[in-house]
Amino acid sequence: VEYSRNVLQWSDANSTEFDENTTHPVVMFMPEIDKETMGGTMRLGLRTTSFTHTHEDGTLSVLQRLYGGSEKVQERHRHRYEVNPAYVNK
């Protein structure tokens, strides 16, 4: 959400968890999960995250610096929300 608002300049970008009517729903409830039956429905796993953006002055993002400048990291996750696939290539 922060990247969408500050880099892509979509000031109203949000997660549907917080604003179901946002015009840029960059984070959404996973469609395969039933909102009425929450028990045991989280997605669990491991995902590779690639850092692809550097600032105009060549510096790395704060998060990439926190990961020691790595180009890719693997993170465990457990959640019901995901980046909206419709926005991944924008």
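Look a little higher up for the structure.
What comes next is a walk through the structure. Since the structure is predicted, the reported quantities are computational estimates derived from the model, not experimental observations.

Looking at the packing of aromatic side chains
Overall, the coordinates contain 2 aromatic pairs when judged by the stated rule. Pairing Trp 10 with Tyr 87 gives two aromatic rings, centres 5.5 Å apart and planes at 75°, and the pair type is edge-to-face. Of this pair, Trp 10 sits in the loop between helix 1 (2-6) and strand 1 (13-15) while Tyr 87 sits in the segment after strand 5 (81-83), and the two are 77 residues apart along the sequence. With respect to class, Trp 10 is no different from Tyr 87; both count as buried. Relative to Tyr 67, the ring of Phe 51 lies with its centre 6.1 Å away and its plane at 45°, an arrangement referred to as tilted. Placement of the pair is Phe 51 in the loop between strand 3 (43-50) and helix 2 (62-66) and Tyr 67 in the loop between helix 2 and strand 4 (72-79), with a sequence separation of 16 residues.

Some thoughts on the sheet that holds strand 1
Pairing is mixed in the open sheet, where 3 strands are placed in the order 1-2-5. Two strands close off the open sheet at either side, each with one partner strand: strand 1 and strand 5. Strand-to-strand twist across the sheet, computed as the mean angle between neighbouring axes with direction ignored, equals 25°. Of the pairings in the sheet, the one linking strand 2 (residues 24-29) to strand 5 comprises 3 bridges and is antiparallel in character. Of the residues in strand 5, the one forming a bridge with Phe 29 is Tyr 81.

Analysis parameters
Residues numbered from 1 in each chain as written. Predicted model: local features only at pLDDT ≥ 70, side-chain atom pairs only at ≥ 80, totals over all residues. Heavy atoms only, no water. Phe/Tyr/Trp six-rings, centres within 6.5 Å; stacked < 30°, edge-to-face > 60°. Helix = DSSP H or I, 4+ residues; strand = E, 2+ residues; numbered from the N terminus. Buried < 20%, exposed > 50% of the residue type's maximum accessible area, 1.4 Å probe, protein only. Pairing = 2+ DSSP bridges. Axes fitted to C-alpha atoms, helices over the stretch in contact; angles between N-to-C directions.

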